[in-house]
Amino acid sequence: MSNHLKPEVSSHDHVQGSAKASIEIVEYGDYQCPSCGVAFPVLKEIQEKFGQQIRFVFRNFPLSESHEFAMPAAVASEAAALQDKFWEMHDIIFENQNLLSNEGLFKMASGIGLDIEQFKEDIQNPQLEQKVESDFESGIRSGVNGTPSFFVNGTKFDGDAQDLMDMLTENSSIE
Amino acid sequence: MMLQKGDKAPDFKLFATPDRQFSLSELKGKNVILAFYPADWSPVCSDQMVLYNEMLKYFDKYNATILGISVDSKWCHLAFSDSRKLHFPLLADFEPKGEVSKLYGVYDEQQGESNRALFVIDKEGYVAWSYLSQVSVNPGADGILDALESITPKN
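Cut-off values and rules
- Residues numbered from 1 in each chain as written.
- Chains lettered and ligands numbered in written order.
- Predicted model: local features only at pLDDT ≥ 70, side-chain atom pairs only at ≥ 80, totals over all residues.
- Heavy atoms only, no water.
- Helix = DSSP H or I, 4+ residues; strand = E, 2+ residues; numbered from the N terminus.
- Contact = heavy atoms within 4.5 Å.
- Phe/Tyr/Trp six-rings, centres within 6.5 Å; stacked < 30°, edge-to-face > 60°.
- Buried < 20%, exposed > 50% of the residue type's maximum accessible area, 1.4 Å probe, protein only.
- Pairing = 2+ DSSP bridges.

> Just checking my understanding: could you explain the side chain of His 77 of chain B for this structure?
Mapping His 77 of chain B onto the fold places it in helix α3 (residues 74-84). Ignoring any residue separated from it by four or fewer positions in sequence, one finds His 77 of chain B in contact with Tyr 37, Asp 40, Ser 70, Asp 72, Leu 90, Leu 91 and Ala 92 of chain B.

> Is there a simple way to explain the packing of aromatic side chains in this structure?
Any two aromatic rings considered together are summarised by their centre-to-centre distance and by the angle between their planes. Residue and element names in this part refer to chain A. According to the stated counting rule, one finds 19 aromatic pairs over all chains in the structure shown. The interplanar angle of 35 degrees and the centroid separation of 5.2 Å between the aromatic rings of Tyr 31 and Phe 58 together place this pair among those described as tilted. Residue Tyr 31 is found in the loop between β2 (23-29) and α1 (34-50), and its partner Phe 58 is found in strand β3 (residues 54-60); the two are separated by 27 residues along the sequence. The exposure class assigned to Phe 58 is buried, which follows from its relative accessible area of 1%.

> What should I look at first to understand the pairing of strand β4 (residues 149-152) of chain A in this one?
On any regular strand, side chains alternate: one points to one face of the sheet, the next to the other face. All names here are of chain A. Neither face of β4 is exposed, since Ser 149 and Phe 151 on one face and Phe 150 and Val 152 on the opposite face are all buried. Where β2 lies against β4, four bridges are found, and the strand directions are antiparallel. Directly across from Ile 25, in β4, lies its bridge partner Val 152. By the bridge criterion, three bridges tie β4 to strand β5 (residues 155-157) in an arrangement that is antiparallel. Its bridge partner being in β5, Val 152 is matched across the sheet by Thr 155.

Written out as structure tokens, the structure reads:
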């Protein structure tokens, strides 16, 4: 089965870190998935530990039939992106995963200082849901079989965030 | 031997719910995805079925229906399906045990379970693609989509 990221990371993606970074990590994640919640602080740790070497990309892979707030949360993060606050929203959702609800998402949106009227309007824009779905489809095409799934420099990584940390740590000690 | 591309897909009739039987021939004119899997409730099978549950509208685009098949009983399927909110049929290859899995060449005699195997069957009832996965690996859905794409005429 496929293990290559399709399509490659582009300007349509949400990216943290420099394009010159030597390690590009792409996560396909679901905001309501408990394992993604577990991965979140570990990924932060990876970014901190390896600094400039890491470029991190998040793509949506909501399992909407299992997680009722996965799609609303993904759309909310895309709405936040329209106000240049994607990562603030991404972080606050994972930090408060147990509070996920429609009301909770509004509270988080105010919490990070979004213009709420604008946010309300944007989350109803069908284009945002389409963007999330195109992320999902790219995941399927890339061989994503559950969340979180990680790609390192375009190749599927067989393991969780902690395995990723261990692999990076091991490789850096060899150099 | 596992059935391969070009083989005629054998018809079968299995329970999909406690009171309804389902046969492959009912789906003539549609593309059919058969997903054989070892067991309800096991972690990999659960993830795999949950993934396909999200994929139904993508399968629909290719005029395709998915059927899950394992040797679990109809009542077990019902409970599993309810718990995971699945919106596609799970068929019980229960009596005689594994008969349909054997017909398709994907029965593990030692474990007494189906292998983890995928088949895409075209509208005329022929195997268009088949894939045997390692039992411990969830094969995802990209292979299925590629196969469906290959048998769908381009506009």
